[in-house]
Amino acid sequence: YGDVAKKKLSKVIEVMKKDEKIPIVIGGDHSITVEVLKHYPEVTVIYFDAHPDIISSMNGYYGSVLIDAEVDLGKTIEIGVREPEIEELKNIKKNRVKVITAEDFDEKGVKVIWEEIKKKVKGPVYVSVDLDVFDPAFAPGVSAPVPGGLSFNQVLFLMRRIMSEFDVVGFDVMELTPRFDIDDRTAHLAVKLLLEMIVNHKKKVIN
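Below you will find a few notes about this structure. Only a predicted model underlies this, so the values are computations on that prediction, with no experimental measurement involved. (Residues numbered from 1 in each chain as written. Predicted model: local features only at pLDDT ≥ 70, side-chain atom pairs only at ≥ 80, totals over all residues. Heavy atoms only, no water.)

1. Side note on the pairing of strand 6 (residues 168-174)
Taken across its seven residues, strand 6 has seven buried, putting it largely inside the fold. With three bridges connecting them, strand 1 (residues 24-26) and strand 6 associate as parallel partners. Paired with isoleucine 26 across the strands is valine 173, a residue of strand 6. Pairing between strand 5 (residues 125-130) and strand 6: six bridges, direction parallel. The residue of strand 6 that forms the bridge with valine 129 is valine 173. The handedness of the strand 5 to strand 6 crossover, carried by helix 7 (residues 152-165), is right-handed. (Buried < 20%, exposed > 50% of the residue type's maximum accessible area, 1.4 Å probe, protein only. Helix = DSSP H or I, 4+ residues; strand = E, 2+ residues; numbered from the N terminus. Pairing = 2+ DSSP bridges. Right-handed = clockwise from strand over helix to strand, strands pointing away.)

Structure follows, in structure tokens:
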């Protein structure tokens, strides 16, 4: 579909879902994901992000994505979180959100984390990646970088398994901000990640 305006994206996703196609969305600020998720209320959301994005006191911006999308927070898995706000911590506890912090990767290792993810997932899955989940050393070109993030290999280990073993009905890569990038480092990482997501998808989304 090429470049689609945010206000038209919901209609495009509606058509794609009717045609049983799998949307691959590239952005853009993370609020774009809301326009996709509103068409998949039944999914488990696997959300790679330094921030939980479950602020309920505001609407319509990239800190309220999962609230605005009205997903089942009890089925949501957040990976790489390391900068939650007080309100988000309360919402995490209230809704029993499964959170895997960046520190968990060092303390537990990716194999243990993968087993935790498998236990949580039931039914179709939507995968959303905010590039700020990566450490700024690997991905400086984002709008809200946070030190202490994940490496590409840590994310890739999980992503290859998520895409090949779960029923992934759609996925996105968000928050690439070229004006903050250094030597296209973030852009190259984003492209590599996206290709890995595509080629490892169990349904081979692009023939």
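Alright, that's what it looks like, and here's the rest.
2. Focus: the side chain of histidine 39
Secondary-structure assignment places histidine 39 in the loop between helix 2 (32-37) and strand 2 (44-48). Histidine 39 has contacts with Ser10, Ile13, Glu14 and Lys17, leaving out every residue within four places of it along the chain. (Contact = heavy atoms within 4.5 Å.)

3. Details of the nonpolar core
For soluble globular proteins, the rule of thumb is that nonpolar side chains tend to be buried together. The biggest cluster of nonpolar side chains holds 39 residues, and the ones touching the most others in it are Ile46, Phe48, Ile79, Ile117, Val127, Leu158 and Ile162. Elements supplying a minimum of two residues to this core: strand 2, strand 3 (77-81), helix 5 (102-108), helix 6 (110-120), strand 5, helix 7, strand 6 and helix 8 (185-200). A total of eight residues in this core trace back to one element, the largest contributor, which is helix 7. Among all residues touching isoleucine 117, those that are not within four sequence positions of it are Ile46, Ile77, Ile79, Ile100, Leu158 and Phe166. In this structure, Met16, Tyr47, Ile54 and Leu66 belong to the second largest nonpolar core, which totals 24 residues. (Core = buried A, V, L, I, M, F, W, Y, C linked by side-chain atoms within 4.5 Å.)

4. Describing helix 8
Over its 16 residues, helix 8 extends 23 Å from the first C-alpha to the last, a length consistent with the 22 Å expected when each residue adds 1.5 Å. Of the positions making up helix 8, those classed as buried are Thr186, Leu189, Ala190, Leu193, Leu194, Glu196, Met197 and Ile198. Elements in contact with the buried residues of helix 8: strand 1, strand 5, helix 7 and strand 6. (Expected span 1.5 Å × (residues − 1).)

5. Quick word on the sheet that holds strand 1
Sheet architecture is open: six strands sit in the order 1-6-5-2-3-4, paired in parallel fashion. Both edges of this open sheet fall to strand 1 and strand 4 (98-101), since each of them pairs with a single strand only. Adjacent strand axes in the sheet meet at a mean angle of 10°, parallel and antiparallel pairs treated alike. Sheet contacts for helix 7: strand 2, strand 3, strand 5 and strand 6; angle to strand 2, the most-contacted strand, approximately 160°. (Axes fitted to C-alpha atoms, helices over the stretch in contact; angles between N-to-C directions.)

6. Notes on the side chain of histidine 30
Mapping histidine 30 onto the fold places it in the loop between strand 1 and helix 2. Among the polar contacts made by the side chain of histidine 30, one reaches the side chain of tyrosine 47 at a distance of 3.3 Å. Separated by 3.3 Å, the side chains of histidine 30 and aspartate 130 make a polar contact. In contact with histidine 30, not counting residues within four places along its chain, are Tyr47, Asp49, Asp53, Tyr62, Val65, Ser128, Val129, Asp130, Asp172, Met174 and Glu175. (Polar contact = N/O pair within 3.5 Å; in protein donor to acceptor, adjacent residues only side chain to side chain.)

7. Thoughts on the environment of leucine 66
Within the element layout of this structure, leucine 66 appears in helix 3 (residues 65-68). Residues leucine 66 and leucine 37, 29 residues apart in the sequence, show an inter-C-alpha distance of 8.6 Å. For leucine 66, the residues in contact, after removing those within four places along its chain, are Leu37, Val45, Tyr47, Pro52, Asp53, Ile54, Val71, Leu73, Thr76 and Glu78.

8. Considering the environment of histidine 30
By relative accessible area, histidine 30 is classed as buried at 0%. Sequence separation between histidine 30 and tyrosine 62 is 32 residues; the distance between their C-alpha atoms is 5.0 Å. In this structure the side chain of histidine 30 is engaged in a polar contact, spanning 3.2 Å, whose partner is the side chain of aspartate 49. Within the structure, histidine 30 has its side chain in polar contact with the side chain of serine 128 (distance 2.7 Å).

9. Structural notes on the layout of surface pockets
The space that makes up the largest pocket amounts to roughly 500 Å³. Along the wall of the largest pocket there are 22 residues; nearest its centre are Tyr1, Gly2, Ile24, Val25 and Ile26. At the level of elements, helix 1 (6-18), strand 1 and helix 8 are the ones that each hand at least two residues to the lining of the largest pocket. The dominant element in the lining of the largest pocket, judged by the number of residues it contributes, is helix 1, at five residues. Quantified by volume, the second largest pocket comes out at close to 170 Å³. Contributing to the lining of the second largest pocket are 15 residues, with His51, Asp53, Tyr62, Gly63 and Glu85 lying nearest its centre. Across the lining of the second largest pocket, the residue classes break down as four nonpolar, four polar and seven charged. (1 Å grid on protein atoms, 1.4 Å probe; cavity = no way out; pocket = protein on both sides within 12 Å on 5 of 7 lines; lining within 4 Å. Points joined across faces, edges and corners; volume = space filled by probe spheres on them. Nonpolar A, V, L, I, M, F, W, Y, C, P; charged D, E, K, R; others polar.)

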